[in-house]
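Chain by chain, the residues run as shown.
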Amino acid sequence: MMNFTEEDLDHYLQNQVDLRHRQVSKSVEDVQKIIKDLTAEISSKDARFQSIANSGVHNDSFKDQPALASKWAALLRGRCTFNPAIQVLTPTLFLISVPVRGLMGYKERRARQWRYYTLSGSHLLSPVREPEKLHQWLELESFANASQEWHDARLAMEGDIVPAKVVTLFKEQVEAAIKTCRLTEKVSVLESVGSVVRVAVETSEAQIEVELVPTVELMNCWPKRARWPRLLQRWPSTERTRCIKSFGFNLMATSNYHWLLSFSRAEQVLLGCIDEDGGCRRKCYRVVRQLKEDVWCPGSKPVITAHHLQTLLFWTCEKYPSSRDWRNLRECVLRLVQKLHKCVSQRYLRHYFVRTYNLLKYTNTNELDDMTKKIVDFLENPHTYIH
């Protein structure tokens, strides 16, 4: 086996990874401007949907929590150039959370077990399938202060806020806003399967597919099913863990009846502060991501996305919490690749916060097997790929 050197890695970072990062940053900048204009127009017509400029701690619902906003700014100062609403899954596939307004005072409560209705409002004889570990129902009664607009029959049914109904209304607003903002040459609505609004955005770099997802942002609370941190966990520190949990979580309208738990703010803080001890974790992650996108799993709809790699990195940091474990970039890259190989070959990657959920549960097994072979080829002769 011909291995690669630290010099090879430095050259790869400068000539491959950094170039990709600059291109993606430009695409994010272009998409962000267009979607900001689009969501601002939607918000002017329907105040339940906010501009993405108001995402996270900038959300109107959190203006009475200046300490939280200040803490967020201090944590990510100089480390994060992307809008917190934007997740880059691949260079040409973005997920954007569109915050909603008018749902305040959330408290997790024991929900009714069964739902006997269809999305059209008719009653069923047998119940709707129960949500899986990363999903939940969302009831109006969960909020101490839910504005009357959310009791609209177009959005709610028998006390539930129904994500498919929210998405249907939001999609109508998107289509109208594209025309009003005169963006028909830059933005087009794509056909989609299920409860998702997909649009194609033309940028100076490429055409980007964007999934726009109405999102309930919940600060200063943490879901019971996310049993984190774990007992005797050494990474991240107790202080950092407490801080991360204060930023809460999101509920995203990604399926018909159930809302998806998302921890994007927590993940952003973890990744943003990951090398405070001077380690090479972020570099390691960026090298593996580049290899994944160029060699192992290319394309606009890959079976493994940046979010999977990010999750794998967090688990690896937990297993190797010491700063001395992250000094040698070459060894760290190989270690992360070996862990990726194990996950892909076994078709199992635990969600970082809800560890009982397998992120690869519904992925295409043939594509995973193909990726496994490519990673094996890399591990047998990595110099071929990094030189």
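Given the structure is predicted, the values throughout are model-derived calculations rather than measurements.

Give me the overall build of the chain: which residues, what numbers.
Broken down by element type, the chain carries 9 helices and 12 strands. For 387 residues, the compact-globule estimate of 2.2 N^0.38 gives 21 Å, and the chain sits close to it at 21 Å. A principal-axis box enclosing the C-alpha atoms of the chain has dimensions of 65 × 50 × 45 Å. Here the chain, with 387 residues, has 54% of them falling under the buried criterion. For the chain, the computed accessible surface area is about 18200 Å², with 49% contributed by carbon and sulfur atoms. Each charge class in the chain was averaged separately, 55 positive and 45 negative side chains, and the resulting centres sit 6 Å apart.

I'd like a rundown of the layout of surface pockets, residues and numbers included.
To find the voids left in a structure, one rolls a probe of water-molecule size over its atoms. Size it by volume and the largest pocket reaches roughly 1300 Å³. As for the largest pocket, its lining consists of 38 residues, of which Glu-211, Thr-254, Leu-260, Tyr-357 and Leu-359 are closest to the centre. When residues of the lining of the largest pocket are traced back to their parent elements, those giving at least two are strand S1 (86-90), strand S2 (93-99), strand S10 (207-218), strand S12 (259-262), helix H5 (264-272) and helix H7 (306-319). Ranked by residues supplied to the lining of the largest pocket, first place goes to S12 with 3 residues.

Hey, could you go over helix H6 (residues 281-296) for me, with residue numbers and the actual values?
Across the 16 residues of H6, 12 count as buried, placing the element largely inside the fold. Among the residues of H6, Arg-281, Cys-284, Tyr-285, Arg-286, Val-287, Val-288, Arg-289, Gln-290, Leu-291, Lys-292, Glu-293 and Trp-296 are the ones counted as buried. Looking at the packing, one finds that the buried side of H6 touches helix H1 (6-45), S1, H5, H7, helix H8 (329-346) and helix H9 (365-380).

Cut-off values and rules
- Residue numbers here run from 1 along each chain, matching the order of that chain's written sequence.
- Reporting of local features is limited, given that this is a predicted model, to residues whose pLDDT is at least 70; pairs of side-chain atoms are given and counted only at 80 or more, and all residues count toward the totals for whole chains, interfaces and linings.
- The basis for the side-chain values is all heavy atoms of the structure; hydrogens and waters are excluded.
- In this description a helix means any DSSP run of H or I spanning at least four residues, a strand means any run of E spanning at least two, and both kinds are numbered starting from the N terminus.
- In this setup the radius of gyration rests on C-alpha atoms only. A globule is expected at 2.2 Å times the number of residues raised to 0.38.
- Note on exposure labels: buried denotes an accessible area under 20% of the residue type's maximum, exposed denotes more than 50%, and partly exposed covers the range between, all computed with a 1.4 Å probe on protein chains only.
- Computed with a 1.4 Å probe, the accessible areas rest on the Shrake-Rupley method; for each residue, only the protein chains presented here act as cover.
- Positive: Lys, Arg. Negative: Asp, Glu. His and the chain ends are not part of the count.
- Where a charge lies is defined by one atom per residue type: Lys uses NZ, Arg uses CZ, Asp uses CG and Glu uses CD.
- With a 1 Å grid laid over protein atoms only, a set of points is called a cavity when a 1.4 Å probe fits there but cannot get out and a pocket when it is open yet has protein on both sides within 12 Å along at least five of seven lines; lining residues have an atom within 4 Å of a point.
- Grid points are joined across faces, edges and corners, and a volume is the space filled by probe spheres set on the points.
- Here a residue-residue contact requires only that any non-hydrogen atoms of the pair lie within 4.5 Å.

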